[in-house]
Amino acid sequence: MEVITTHLNADFDAMASMVAAKKLYPEAILAFSGSQEKNLRKFFVQSLMIYDFQRLKNIDLDKITKLIVVDTRQASRIGNFAKCLENPGIEIHLYDHHPNAPGDMKGDVEVVRPVGSTATVFVEIFQERGISISKDEATLLAMAEHEDTGSFTFSTTTPADLLATAWLLKRG
């Protein structure tokens, strides 16, 4: 079983990156590792059915063979999903924008880029691979861009974040 997850207290970048990862892993289950930020919870109620998120309690952690983690590489931030890191033969795929830190998980696939948002990482992958996205997906990723870059005012904002958002805007 493949599962896509993110950090505890998920924000828009985390959720949007999970939805984006589903484009790369269409068979994977989407499941939050725990709670979401207040703004995301309000939005999430409407999105639950659209994106088919599953509850953690309904997932058998022992059956996970591939764990796709977005917007963090810290095992301590993925809640109970950290338990499946001990599963024999498990594959770990990591997509993140945060700087290296002590305790980062090591993955079989690691896509880590020094940009302001993990959404930017996925937009660049979509561009590189010619993957199309819907207007709703573009909107969700653009919301993530704005939140994680402080509307492009944070010092971690890069030109790549602005280019990614322009690409998203062209998609509706």
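A brief look at the structure comes next.

Procedures and definitions
- Residues numbered from 1 in each chain as written.
- Predicted model: local features only at pLDDT ≥ 70, side-chain atom pairs only at ≥ 80, totals over all residues.
- Heavy atoms only, no water.
- Helix = DSSP H or I, 4+ residues; strand = E, 2+ residues; numbered from the N terminus.
- Buried < 20%, exposed > 50% of the residue type's maximum accessible area, 1.4 Å probe, protein only.
- Expected span 1.5 Å × (residues − 1).
- Salt bridge = Lys/Arg side-chain N within 4 Å of Asp/Glu carboxyl O.
- Pairing = 2+ DSSP bridges.
- Right-handed = clockwise from strand over helix to strand, strands pointing away.
- Contact = heavy atoms within 4.5 Å.
- Axes fitted to C-alpha atoms, helices over the stretch in contact; angles between N-to-C directions.
- Core = buried A, V, L, I, M, F, W, Y, C linked by side-chain atoms within 4.5 Å.

### Section: the environment of aspartate 62
- Along the chain, aspartate 62 turns up in the loop between β3 (53–54) and β4 (66–70).
- Assessed through its relative accessible area of 65%, aspartate 62 is described here as exposed.
- Separated by 61 residues in the primary sequence, aspartate 62 and methionine 1 place their C-alpha atoms 9.4 Å from one another.

### Describing helix α4 (residues 135–148)
- Over its 14 residues, α4 extends 20 Å from the first C-alpha to the last, a length consistent with the 20 Å expected when each residue adds 1.5 Å.
- Buried within α4 we find Glu137, Ala138, Leu140, Leu141, Ala142, Ala144, Glu145 and Asp148.

### Details of the pattern of salt bridges
- Per the counting criterion, the structure on display carries six salt bridges.
- Its salt-bridge partner being arginine 73, residue aspartate 104 comes within 3.3 Å of it at the nearest N-O pair. On the criterion of sequence distance, the pair formed by aspartate 104 in the loop between β5 (91–96) and β6 (109–112) and arginine 73 in the loop between β4 and β5 is long-range, its members being 31 residues apart. Judged on exposure class, the residue aspartate 104 and its partner arginine 73 are both buried.
- Here arginine 113 makes a salt bridge to glutamate 128, at a shortest N to O gap of 3.3 Å. One end of the pair, arginine 113, is in the loop between β6 and α3 (118–129); the other, glutamate 128, is in helix α3, and 15 residues separate them in sequence.

### Examining the pairing of strand β1 (residues 2–5)
- Relative to β4, β1 runs parallel, the two sharing four bridges. Considered in β4, the bridge of isoleucine 4 is made with isoleucine 68.
- Where β1 lies against strand β2 (residues 29–31), two bridges are found, and the strand directions are parallel. Note on β2: the bridge partner recorded for isoleucine 4 is leucine 30.
- Traced from β1 through helix α1 (residues 12–24) to β2, the parallel crossover comes out right-handed.

### Re the sheet that holds β2
- In spatial order, the strands read β3-β2-β1-β4-β5-β6; together these six strands make up an open sheet with parallel pairing. The open sheet terminates on both sides in strands that have one partner only, identified here as β3 and β6.
- As paired strands, β5 and β6 are joined by four bridges and run parallel to one another. Note that in β6 the partner of aspartate 96 across the bridge is valine 112.
- Those strands touched by α1 are β1, β2, β3, β4 and β5, and its axis lies near 140 degrees from that of β4.

### Some details on the nonpolar core
- Counting residues in each nonpolar core, the largest one holds 38 residues, and the members touching the most others are Tyr95, Phe122, Phe126 and Leu141.
- Considering every element that reaches this core, the biggest residue donor is α1, with nine residues.
- Once residues within four sequence positions are removed from consideration, leucine 141 is found in contact with Ala16, Ala20, Ala119, Val123, Phe126, Ile133 and Leu168.
- Leu67, Val69, Cys84 and Met105 belong to the second-largest nonpolar core, a separate cluster that totals 14 residues.

### Thoughts on the pairing of β5
- Counted residue by residue, β5 has five buried out of six residues, so it is predominantly covered.
- Bridge count between β4 and β5: five bridges; the pairing is parallel. Opposite valine 70, over in β5, you have tyrosine 95 as the bridge partner.

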